[in-house]
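# Chains, contacts and geometry: an overview
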Amino acid sequence: MNSPSVIVFDVNETLSDMTSMAARFVETGAPASLAKLWFATLLRDGFALTAAGDNPGFTQIGAEALRGLLPGAGITSGLDDAVDHIMEGMASLGLHPDVTEGIRALKTEGYRLITLTNGSTQIAENMFAPAGILKDFEALLSVEQSPAWKPNPAAYAYAAGVCGTSPAQMLLVAVHPWDVHGAARAGMQTAWINRTGASYPASFSTPDHTLTTLTDLPEALRNPTR
């Protein structure tokens, strides 16, 4: 396995700590547990639209998913206000504790770093700038400029085209097995971050590297086992 030259990061949940979104739901009167259902619904609808040949906007799909879930969930404000309050939370997410150190270590190792998100690049900018790592990224990419959402192969091809390299020289880092699978099918190397101790689904392509924190990646790349 050749060493990659470009490391591609998923953003939502991989770099961003989305646990604070549960509080946003509670503040509207909805249960905290609805946050995970909402994000899963958002992804489902985005994937469905992509499969049908569309390229939907992440924010629009997220808001529409809320409009379907919040009525009857005990919200104490108007639906529009509740939707706005929750969606605003996506713009103020923080990073997982291992991200800043991991990014700096990879940059020191000489890798080119980019993001590829199904969401907005503004979310990444809002997190990276305060942490002082925005300058470490060569590009912040979103599927909003590509033909389709991940895990469609066109999304990964778009990133390779922007970087002027082949997918084989790129490694995707993600917490989502579906993203790892999509990148592998597109010809990229892959790293799965498993912060929760979950089992990796057997139906998806096995990642080249399985890590518990991003800070483990530089060592894993120096000493590949596969």
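Relevant structure appears above.
Residues numbered from 1 in each chain as written. Predicted model: local features only at pLDDT ≥ 70, side-chain atom pairs only at ≥ 80, totals over all residues. Heavy atoms only, no water.

## Some thoughts on empty space enclosed by the protein
Scanning the entire structure with this criterion turns up one cavity of 30 Å³ or more. Its boundaries defined by the atoms lining it, the largest cavity holds a volume of some 50 Å³. A per-class count over the lining of the largest cavity returns three nonpolar, four polar and one charged. (1 Å grid on protein atoms, 1.4 Å probe; cavity = no way out; pocket = protein on both sides within 12 Å on 5 of 7 lines; lining within 4 Å. Points joined across faces, edges and corners; volume = space filled by probe spheres on them. Nonpolar A, V, L, I, M, F, W, Y, C, P; charged D, E, K, R; others polar.)

## Thoughts on the pairing of strand 4 (residues 112-117)
With five of six residues buried, strand 4 lies mostly within the body of the structure. Relative to strand 4, strand 1 (residues 6-9) runs parallel, the two being bridged by four bridges. By the bridge assignment, Val-8 is partnered in strand 4 with Ile-114. Looking at chain direction, strand 4 and strand 5 (residues 139-142) are connected through four bridges and run parallel. Its bridge partner being in strand 5, Thr-117 is matched across the sheet by Ser-142. Handedness of the β-α-β unit built from strand 4, helix 6 (residues 121-131) and strand 5 comes out right-handed. (Buried < 20%, exposed > 50% of the residue type's maximum accessible area, 1.4 Å probe, protein only. Helix = DSSP H or I, 4+ residues; strand = E, 2+ residues; numbered from the N terminus. Pairing = 2+ DSSP bridges. Right-handed = clockwise from strand over helix to strand, strands pointing away.)

## Some words on helix 6
The periodicity of an α-helix, 3.6 residues per turn, causes residues three or four positions apart to be oriented the same way. Regarding helix 6, the residues found buried are Ile-123, Ala-124, Met-127 and Phe-128. The buried residues of helix 6 occupy one face: seen down the axis, they fall within an arc of 110°. If you check the start of helix 6, you find a side-chain oxygen 3.0 Å away from the backbone N of Gln-122, and it comes from Ser-120. Directly beyond the C-terminal end of helix 6, a positive phi value near 75° is found at Gly-132. (Arc of directions from axis to C-beta. Polar contact = N/O pair within 3.5 Å; in protein donor to acceptor, adjacent residues only side chain to side chain.)

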